[in-house]
Amino acid sequence: MSCAGALAVRYRDDYERAGIPMLPVVRGDRETARQIVIYTVALVVGTTLPVAFGVFGAVYGGAALVLGALFGWYALRLWRATTRERAVALF
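The rules behind the values
- Residues numbered from 1 in each chain as written.
- Predicted model: local features only at pLDDT ≥ 70, side-chain atom pairs only at ≥ 80, totals over all residues.
- Heavy atoms only, no water.
- Core = buried A, V, L, I, M, F, W, Y, C linked by side-chain atoms within 4.5 Å.
- Buried < 20%, exposed > 50% of the residue type's maximum accessible area, 1.4 Å probe, protein only.
- Helix = DSSP H or I, 4+ residues; strand = E, 2+ residues; numbered from the N terminus.
- Phe/Tyr/Trp six-rings, centres within 6.5 Å; stacked < 30°, edge-to-face > 60°.
- Expected span 1.5 Å × (residues − 1).
- pLDDT = per-residue confidence, 0-100.
- Salt bridge = Lys/Arg side-chain N within 4 Å of Asp/Glu carboxyl O.
- Contact = heavy atoms within 4.5 Å.

1. Description of the nonpolar core
Okay, so step 1: Grouped together as the largest cluster of nonpolar side chains are 10 residues: Ala 6, Val 9, Ala 33, Ile 36, Val 37, Phe 71, Ala 75, Leu 78, Ala 87 and Leu 90.
Okay, so step 2: Contributing elements (two or more residues each) for this core: α1 (2–10), α4 (29–52), α5 (58–80) and α6 (84–90).

Structure (structure tokens):
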């Protein structure tokens, strides 16, 4: 949802003109950004769970945390100010 949602925010006007009911068209950019944050949290949790169960090691865990935090930061930026530019940056 995160990347697809960010692109949907970016191209919201195009989807609306074409009559395609993407989330930003149906529920608005703000709701889309909120759902992106929720799915990003789920993504970070899901990518760090293998470390907790001993499937992957510390290198993977560190990379998952750092990259997940960076992705989360971009998602939060989009939620705070839902602009086309921030949507592209998140993507």
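After that view of the structure, there is still more to cover.
2. Comments concerning the packing of aromatic side chains
Okay, so step 1: Within the structure shown, the criterion is met by two aromatic pairs.
Okay, so step 2: For the pair Phe 56 and Tyr 60, a centre-to-centre distance of 4.6 Å together with 40° between the ring planes defines the contact as tilted.
Okay, so step 3: A relative accessible area of 31% means that Tyr 60 is categorised as partly exposed.
Okay, so step 4: Ring geometry for Trp 73 and Tyr 74: centres 5.0 Å apart, planes at 75°, overall edge-to-face.

3. Describing α5
Okay, so step 1: Taking 1.5 Å as the rise per residue, α5 with 23 residues should run 33 Å; its terminal C-alpha atoms sit 32 Å apart, in good agreement.
Okay, so step 2: By the burial criterion, the buried members of α5 are Gly 61, Ala 64, Gly 68, Phe 71, Gly 72, Ala 75, Arg 77 and Leu 78.

4. Let's talk about the confidence of the model for the chain
Okay, so step 1: Summarising the model, the chain shows a mean pLDDT of 94, and 98% of its residues fall at 70 or more.
Okay, so step 2: When mean pLDDT is compared element by element in the chain, α5 scores highest at 97, while α1 scores lowest at 86.

5. Remarks on the pattern of salt bridges
Okay, so step 1: A complete count under the given rule lists seven salt bridges for this structure.
Okay, so step 2: A salt bridge links Arg 17 to Asp 14; the nearest nitrogen and oxygen atoms lie 2.3 Å apart. Separated by three residues within a single helix, Arg 17 and Asp 14 lie in helix α2 (residues 12–18), roughly one turn from each other.
Okay, so step 3: Asp 14 gets classed as partly exposed once you look at its relative accessible area, which sits at 37%.

6. Here's the deal with the environment of Tyr 15
Okay, so step 1: Considering the arrangement of structural elements, one finds Tyr 15 in helix α2.
Okay, so step 2: The spatial distance from the C-alpha of Tyr 15 to the C-alpha of Val 25 is 7.1 Å, given a sequence separation of 10 residues.
Okay, so step 3: Leave out the neighbours within four places in its chain, and Tyr 15 touches Leu 7, Ala 8, Ile 20, Met 22 and Val 25.

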